[in-house]
Amino acid sequence: MAEPTDASPVALRTSPLAHLADRLRAAAVTGARGVTLAERPFLTMVNLRLDPASEAADRVAKTLGAPLPRECGHTTASGPHTAVWLGPDEWLVLSDEPIDTAELRQALAEDPGSVVDASANRTTLELSGPAARQVLEKGCRLDLHPRAFGPGRAVSTTVGPVPVLLWQLDDAPTYRLLPRSSFADYLARWLIDAMSEYRGPEMP
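Computed from a predicted structure; not experimentally measured.

### Here we look at the sheet that holds strand S2 (residues 44–50)
Spatial strand order, S3-S4-S5-S2-S6: 5 strands in an open sheet with antiparallel pairing. For this open sheet the edge positions go to strand S3 (75–78) and strand S6 (113–117), each flanked by a neighbour on one side alone. The mean inter-strand angle of the sheet, taken between neighbouring strand axes irrespective of direction, is 20°. Relative to strand S5 (residues 90–95), strand S4 (residues 81–87) runs antiparallel, the two being bridged by 6 bridges. Directly across from tryptophan 85, in S5, lies its bridge partner tryptophan 91. Along the sheet, helix H3 (residues 55–64) makes contact with S2, S3 and S5, crossing S2 at roughly 160°.

Here you go:
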């Protein structure tokens, strides 16, 4: 009897930046002006739409284990799940692990709203290192100085010409950029080019 083969959609999927894996690794810069870039593919992403003042919001928050953030730029986290504010009645829940969308829909019950798995809509680029903020500042209009933007902050913005969700994870600093999958190649190449300056000595 022939050995079974795993032909499931999960086994067959290819990340939007798989073809650039070697270039992403080669772009890494070490030292005091170091910066690295990597794809973190296949993160779970669930889009939530509901009234933040409703009982459904309380039930969904209980299911997630953390309240939904109520202000622009804010995030809340519980274990591997992070909820990001997208609008007054919209959030994106991000996770390194699967999210039970059926459980969230059950929490929503009959109240107006939606729970949609949007994992295939975007990929994730992770930019980290002492020069990461300077690289982003070449093409992002936000004030990314720590006095205005720090760990746990996430906003919709543009980097270069590409719309992204920009999320700062820590003080390294480490950022995660979530572009639409169709724009990921352009953004990755833009970031690789922006990083190349930091291979040389700092200009006085």
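### Overview of the packing of aromatic side chains
What the rule picks out here adds up to 0 aromatic pairs. The lysine or arginine in question, arginine 13, covers the ring of phenylalanine 42, its NZ or CZ lying 3.9 Å from the ring centre.

### Some thoughts on the pairing of strand S9 (residues 162–170)
Sheet analysis places strand S8 (residues 154–159) next to S9, joined by 6 bridges and oriented antiparallel. Residue pairing in the sheet places valine 155 in a bridge with leucine 166 of S9. Counting the residues between successive antiparallel strands, the hairpin from S8 to S9 contains 2 residues, one of them, glycine 160, with a positive phi of roughly 65°. Relative to strand S10 (residues 174–179), S9 runs antiparallel, the two sharing 6 bridges. Considered in S10, the bridge of glutamine 168 is made with tyrosine 175.

### Some thoughts on the sheet that holds strand S1 (residues 36–39)
Pairing is antiparallel in the open sheet, where 5 strands are placed in the order S1-S7-S10-S9-S8. Looking at the sheet topology across the chains shown, the edges are occupied by S1 and S8. Strand-to-strand, the axes of this sheet are offset by a mean angle of 30°, without reference to chain direction.

Thresholds applied
Residues numbered from 1 in each chain as written. Predicted model: local features only at pLDDT ≥ 70, side-chain atom pairs only at ≥ 80, totals over all residues. Heavy atoms only, no water. Pairing = 2+ DSSP bridges. Helix = DSSP H or I, 4+ residues; strand = E, 2+ residues; numbered from the N terminus. Axes fitted to C-alpha atoms, helices over the stretch in contact; angles between N-to-C directions. Contact = heavy atoms within 4.5 Å. Phe/Tyr/Trp six-rings, centres within 6.5 Å; stacked < 30°, edge-to-face > 60°. Lys NZ or Arg CZ within 6 Å of the ring centre and 35° of its normal.

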